[in-house]
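# Geometric and topological summary
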Amino acid sequence: MKTFFVDHVNSNLITLSGDEHNHLKNVMRLQVGDNVKVVCGNEFNYFCTISEINKNSSVLKVDGRELNQANPKVNLTCYMALIKNDNLSLVVQKLTELGCSTFVPFESRYTVNKDKGAKSDKLSLISKQSLKQCGRSIPMQILPTQKLTNLTDMLSKHDLIIFANETEKSLSLTDALNQNSSSKNIAIIVGCEGGFEQSEIDYLVNQGAISVSLGSRILRAETASIMLSAIVLNHFKEYV
Ligand code: SAH
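Overview of the structure. Note that the structure is a prediction, hence the values are computed from the model and not measured.

## Focus: the site of the ligand
In the vicinity of the ligand lie 19 residues, with Ala164, Glu193, Leu214, Arg217 and Leu219 positioned nearest. Between Ala164 and the ligand, the recorded distance is 2.6 Å, taken from a backbone N or O atom to an oxygen atom. Within the contact set of the ligand, a nitrogen atom lies 2.8 Å away from a backbone nitrogen or oxygen of Glu193. Summarising the interface, the protein chains cover 83% of the accessible area of the ligand, which totals 560 Å² for the free molecule. Among the cavities detected, the one that contains the ligand is the largest pocket.

## Notes on unusual backbone geometry
Even without glycine at this site, Arg29 takes up a positive phi of about 50°. With respect to the element layout, Arg29 can be found in the loop between helix H1 (18–27) and strand E3 (35–39). Relative accessible area serves as the criterion here: at 61%, Arg29 is assigned to the exposed category.

## Focus on the pattern of salt bridges
Scanning the model with the defined rule gives seven salt bridges in all. A salt bridge links Lys94 to Glu97, with the nearest nitrogen and oxygen atoms 3.3 Å apart. Of this pair, Lys94 and Glu97 both sit in helix H2 (residues 85–98), three residues apart, which is roughly one turn of that helix. Between Arg109 and Glu197 there is a salt bridge, with the nearest N and O atoms lying 3.0 Å from each other. Taken as a pair, Arg109 in the loop between strand E7 (102–107) and helix H3 (120–134) and Glu197 in the loop between strand E11 (185–190) and helix H6 (198–206) lie far apart in primary sequence, 88 residues in all. On the basis of relative accessibility, which here comes to 45%, the residue Arg109 falls in the partly exposed class.

Thresholds, definitions, all that
Residues numbered from 1 in each chain as written. Predicted model: local features only at pLDDT ≥ 70, side-chain atom pairs only at ≥ 80, totals over all residues. Heavy atoms only, no water. Near = heavy atom within 4 Å. Polar contact = N/O pair within 3.5 Å; in protein donor to acceptor, adjacent residues only side chain to side chain. Areas by Shrake-Rupley, 256 points an atom, 1.4 Å probe, with all protein chains shown as cover. 1 Å grid on protein atoms, 1.4 Å probe; cavity = no way out; pocket = protein on both sides within 12 Å on 5 of 7 lines; lining within 4 Å. Sits in = over half its atoms within 2 Å of the grid points. Helix = DSSP H or I, 4+ residues; strand = E, 2+ residues; numbered from the N terminus. Buried < 20%, exposed > 50% of the residue type's maximum accessible area, 1.4 Å probe, protein only. Salt bridge = Lys/Arg side-chain N within 4 Å of Asp/Glu carboxyl O.

This is how it looks when you write it as structure tokens:
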């Protein structure tokens, strides 16, 4: 059943407009009487019947709702240094599928194109498209771009912070996870193409981040964040 995203559902009639209406009418070519699913960022799926298709909007009647089963059970936040926009888009798409709850882009010393920041509208759109594809009803929340050294308050909320550090030689991800199996509010941190400056590594470790190695090969930043999310989520039993 096709899924559509709206900002909220507060009555038993839902109006679709803009891209979602265009998708229903011109891309999917759905008809009055067809059944569709609507999600709005809360924990429910709304099952609807199309009751009107107009030029600029369509109207759906809500027949019932059900708890969505595909939202993440583990609370994982990914702090990711700004990388090339296309790669950041890829990361947002994959982390939504994998079950990451929050995404925080940040600027660090070696960030290229600092003045541009993350294109948060584009990333939110990708996150919503990916949500519909993978069946979640609550999108991965994308926060505004932060400066690395201003993350202190946000990082203090986590009870486990795994920091992918390509210069780490002694602690592996596996060992770090095996020492931490009951954390509830988990963070991962991944750097940009240029990695981290020593003072940034020191800052993160001072915030309680556990510096880990992801193995003997240097991964691209996007590979590191996708791999790390999947392994951490699996460790905390997201996939059982
Ligand atoms: N410029 C660096 C590589 C950066 S890779 C260099 O050439 O040495 C981008 C980011 O991916 C890193 O900052 C780190 O967070 C993560 N990463 C990549 N490979 C890693 C590894 N083997 N262990 C830990 N983190 C890694």
